Amino acid sequence: MTTSKKPTIFSGVQPTGNLHLGNYLGAISQWAVMQEKYQSIFCIVDYHAITVRQDAETFRQQILNTAKVYLAAGIDPKEAIIFQQSDIKEHTELAWILNCASARMSDLENMTQFKDKSTAKGENVSVGLFDYPVLMAADILLYGTDAVPVGDDQKQHVELARDLAKRFNHDFGETFKIPEVVIRKEGARIMGLDNPKQKMSKSASPANYIALTDSAEINHKKIMRAVTDSGSSVTFDKDNKPAIANLLTIYSLLSGNTIKNLEHKYRAGGYGDFKKDLAEVVTDFLADFQQKFNAISDQEVRELLKHNAELVRPKAQATIEKVKKQLGL
């Protein structure tokens, strides 16, 4: 990894299930905007994905497909580094050190995502699911990260990374940079089409999300069947009209049109015309995205990931060496 005067950003997505508009609008699209101003490191966080059981063959392909999504979304391999988490052993090594030296049970028991996921899956969940935020902290701190662009559901995890870095620095000497969290104002959390009170999720019903690989026909059906609010006015009101507010956010972010202009455009109509036009906007976006995605070969991705692992490894090794020295290892 070359030394740069630009501040460093780090972020990543799990290679599981179908990546969807929520992933794109909440996180990946802002990476493409930020990559010219930052030294950008974007990880495929496959170790995070194995907190639940994965089919090996499917998982291997999903890792490659996630890299393709990054590239098709506009991440430029000449401007940014895309790599696979499990290629760099220092991620898990630093996570164990943070577990022992800085993290506390009370830190992890307060993580809302663990509470939500463990409740949904039952009590017998993996230790990895509980410890997930410490590995995420290690991911971030390993590269001297200045800023972490994430969806707002991950904000608490970045705050934990900050706390662990401060605690380690206080107890063992100045070691880690304290990262800042960067959240997109609009679209930070895209909600489900079938339930506007819950985040769009690839683990939910297919009616919940628009997958980046959905066909035009499937996308159109999902948009037209998306739940709406009482009344017929196309108005942005998260409290009283959360479903329409969510659809307006998607429409605005994909079209470049402001929500105010969209409200004005559909002020005299009902939900039908609005949803029909939104379906066309989403279809146009997906057609362009999928053309780029399908043009990228598996072999091209394998070579890119292997090359970029070599670029980030020296920085990861240098961080671990410094951490071990501070601990007396």
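Residues numbered from 1 in each chain as written. Predicted model: local features only at pLDDT ≥ 70, side-chain atom pairs only at ≥ 80, totals over all residues. Heavy atoms only, no water.

I'd like a rundown of helix H10 (residues 242-255), residues and numbers included.
Across its 14 residues, H10 extends 20 Å between first and last C-alpha, which sits within 8% of the 20 Å expected from 1.5 Å per residue. Where burial is concerned, most of H10 is hidden: 13 out of the 14 residues are buried. Directly beyond the C-terminal end of H10, a positive phi value near 85 degrees is found at Gly-256. (Helix = DSSP H or I, 4+ residues; strand = E, 2+ residues; numbered from the N terminus. Expected span 1.5 Å × (residues − 1). Buried < 20%, exposed > 50% of the residue type's maximum accessible area, 1.4 Å probe, protein only.)

Report on the side chain of His-20, specifying residues and quantitative values.
On the secondary structure map, His-20 appears in the loop between strand E1 (8-13) and helix H1 (21-34). For His-20, a relative accessible area of 2% puts it in the buried group. Separated by 2.9 Å, the side chain of His-20 and the backbone nitrogen of Gly-22 make a polar contact. Contacts of His-20, omitting those with residues within four sequence positions, involve Met-200, Ser-201, Lys-202, Tyr-209, Ile-210, Ala-211 and Leu-212. (Polar contact = N/O pair within 3.5 Å; in protein donor to acceptor, adjacent residues only side chain to side chain. Contact = heavy atoms within 4.5 Å.)

Which residues make up the packing of aromatic side chains, and what values go with them?
Scanning the entire structure with this criterion turns up 12 aromatic pairs. With a centroid separation of 5.1 Å and an interplanar angle of 80 degrees, the aromatic rings of Trp-31 and Tyr-70 are classed as edge-to-face. Highlighted residues: Trp-31 in helix H1 and Tyr-70 in helix H3 (residues 56-72), separated in sequence by 39 residues. Per residue, the accessibility class of Trp-31 equals that of Tyr-70, and both read buried. Note on Phe-289 and Phe-293: the rings are 6.3 Å apart at their centroids and 25 degrees apart in plane angle, and the pair reads as stacked. Of the two residues, Phe-289 and Phe-293 are both situated in helix H12 (residues 271-294); the distance of four residues between them amounts to about one turn of the helix. Take Phe-289 and Phe-293: they sit in the same class, and that class is buried. (Phe/Tyr/Trp six-rings, centres within 6.5 Å; stacked < 30°, edge-to-face > 60°.)

A description of the pairing of E1 should follow, citing residues and the corresponding values.
In terms of burial, E1 is largely enclosed, as five of its six residues are buried. Bridging between E1 and strand E2 (residues 39-44) involves six bridges; their strand directions are parallel. Each residue of the ladder has a partner; that of Val-13, found in E2, is Ile-44. For the crossover from E1 across H1 to E2, the handedness is right-handed. (Pairing = 2+ DSSP bridges. Right-handed = clockwise from strand over helix to strand, strands pointing away.)

Can you break down the pattern of salt bridges residue by residue, with the values?
Once their charged atoms are close, side chains differing in charge can pair, the charge on each being opposite to the other. Applying the stated rule across the entire model yields 12 salt bridges. A salt bridge links Asp-146 to Lys-177; the nearest nitrogen and oxygen atoms lie 3.2 Å apart. Here the residue Asp-146 occupies a position in the loop between helix H7 (127-141) and strand E4 (147-149), and Lys-177 occupies one in the loop between helix H8 (155-172) and strand E5 (180-182), the gap between them amounting to 31 residues. Look at Lys-177 and you get partly exposed, because its relative accessible area is 41%. Lys-292 is paired through a salt bridge with Asp-288; the nearest N and O atoms lie 3.2 Å apart. (Salt bridge = Lys/Arg side-chain N within 4 Å of Asp/Glu carboxyl O.)

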